[in-house]
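Descriptive structure summary
Spelled out from the first residue to the last, the chains are:
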Amino acid sequence: MQYRELGSTGWDVSTVSLGTWALGGSWGDVDDSESLKALQHAVEVGVNFFDTADVYGDGHSEQLLAPLYREHADIRVATKAGRRLDPHTADGYNRENLTAFVDRSLENLDREALDLLQLHCPPTEVYYRPEVFDVLDDLKAQGKIRHYGVSVEKVEEALKAIEYPGVETVQIIFNMFRQRPAERFFEAAQARNVGVIVRVPLASGLLTGKYTAEATFPENDHRNFNRNGEAFDQGETFAGVGLETGIRAVHELEEVCPGDMTMAQFALRWILMFDAVSCVIPGAKRPDQVAENVAAADQPPLSDDTMAAVRDIYDRTVREQVHHRW
Ligand SMILES: NC(=O)c1ccc[n+]([C@@H]2O[C@H](COP(=O)([O-])OP(=O)(O)OC[C@H]3O[C@@H](n4cnc5c(N)ncnc54)[C@H](OP(=O)(O)O)[C@@H]3O)[C@@H](O)[C@H]2O)c1
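Conventions used here
Residues numbered from 1 in each chain as written. Predicted model: local features only at pLDDT ≥ 70, side-chain atom pairs only at ≥ 80, totals over all residues. Heavy atoms only, no water. Axes fitted to C-alpha atoms, helices over the stretch in contact; angles between N-to-C directions. Helix = DSSP H or I, 4+ residues; strand = E, 2+ residues; numbered from the N terminus. Parallel < 35°, antiparallel > 145°, perpendicular 65-115°, else oblique. Contact = heavy atoms within 4.5 Å. Nonpolar A, V, L, I, M, F, W, Y, C, P; charged D, E, K, R; others polar. 1 Å grid on protein atoms, 1.4 Å probe; cavity = no way out; pocket = protein on both sides within 12 Å on 5 of 7 lines; lining within 4 Å. Points joined across faces, edges and corners; volume = space filled by probe spheres on them. Pairing = 2+ DSSP bridges. Expected span 1.5 Å × (residues − 1). Buried < 20%, exposed > 50% of the residue type's maximum accessible area, 1.4 Å probe, protein only. Arc of directions from axis to C-beta.

Let us now look at the packing of helix H3 (residues 60-71) against helix H4 (residues 95-109). The geometry of H3 relative to H4 is characterised by a closest axis approach of 7 Å and an angle of 55 degrees between their N-to-C directions. Here H3 is positioned oblique relative to H4, judged by the angle of their axes. Contact residues: Glu 62, Gln 63, Leu 65, Ala 66 and Tyr 69 in H3; Ser 105, Asn 108 and Leu 109 in H4. A per-class count over the contact of H3 with H4 returns four nonpolar, three polar and one charged.

Volume-wise, the largest pocket comes out at about 980 Å³. Along its surface, the largest pocket is lined by 44 residues, and Trp 21, Ala 22, Trp 27, Val 200 and Glu 236 are the ones closest to its centre. Elements with a minimum of two residues in the lining of the largest pocket: helix H1 (21-24), helix H9 (222-225) and helix H12 (287-294). The element best represented in the lining of the largest pocket is H12, accounting for four residues. Across the lining of the largest pocket, the residue classes break down as 18 nonpolar, 13 polar and 13 charged.

With parallel pairing, the eight strands of this open sheet are ordered in space as S3-S4-S5-S6-S7-S8-S9-S10. Because the sheet does not close on itself, it has two edges, and the strands there are strand S3 (18-19) and strand S10 (279-280). Strand direction decides the pairing type here: strand S9 (residues 195-199) and S10, joined by two bridges, are parallel. Bridged to Ile 197 within S10 is Cys 279.

Turning our attention to helix H5 (residues 130-141). Between its first and last C-alpha, H5 extends 17 Å over 12 residues, near the 16 Å set by a 1.5 Å rise per residue. Along H5, the positions that sit buried rather than exposed are Val 132, Phe 133, Val 135, Leu 136 and Leu 139. Considered in projection along H5, the buried side chains sweep an arc of 150 degrees and stay on one side of the axis. Of the surrounding secondary structure, the elements contacted by the buried residues of H5 are H4, strand S6 (114-120), strand S7 (145-151) and strand S8 (167-173). Positive phi shows up at Gly 143, right after H5, with a value of about 85 degrees.

Shown next, in the form of structure tokens:
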């Protein structure tokens, strides 16, 4: 495993960390005993950073992490707040609600302080309300959270968020099918020493190359019910790329994938080629997926030719569908 600094938090986090949305739900049925094995395996192979949220399985993902946390004092858990709001409005991001969300996460995770609290893709207007960040500063002063950051949908939101001095991390979608953050945001994040947590690194599994155009997904899987953004931002499902277009692009990527890497490893190693990235948080429900993904951390750098080829495939295939949107 390799480790990188997570902005100004003072933590060295595993470059391949773990996202735990799938352990809570919205990805078809999950088996808790497999999930726990996946978490244990991750720790065994050096993963020390886990991403969750209070809404993943309505707190179930956080609760699954609690025993791991008790057993391993050195791991860090990042959670998120805001998506319990219904309706999900900027006004809901107030002192009373944020405090209640934090208290509930503390209980789910069985902690006295949250390592890292991220606002969970709030409405854009929240980034223009300094009072929301004042509340986060106060929660920090009270000792309920140790650090805070944001999880954003758009590059513009990320750029706005890092104007607040207390924001230490930004979680953003960045992958072979979502390349704009490297153009506009990474330099600004590095200049301010903000940690960058990359989510959806495998484009919801699409970049692993395992799907065909005939792929179907269970009713309780967002890759079925959110293809067109019916439940939440479309960009969270397959990184906003249409399945057919994505599969065609993956076939081209397979042609340039180094022979000793799987497609999942190639996709993760490509992201880690960018120094501004602190870590990737691929979702994985089973120990074998964790093992395959973690191995990407120790792969050698990709060549300039390979990087250029990936950029070219992006420009010719998926760019038109995503570049101007996020
Ligand atoms: N708004 C937000 O803040 C937000 C939104 C989305 C995600 N996230 C965070 O980011 C994390 C990662 O994003 P994500 O889970 O949406 O997408 P992702 O990491 O791009 O894709 C995860 C899915 O890919 C498949 N997969 C993983 N490793 C694999 C392997 N080695 N071989 C084959 N298939 C593999 C698994 O699906 P199957 O097992 O079903 O095939 C897995 O559930 C989440 O868990 C969550 O913590 C945050």
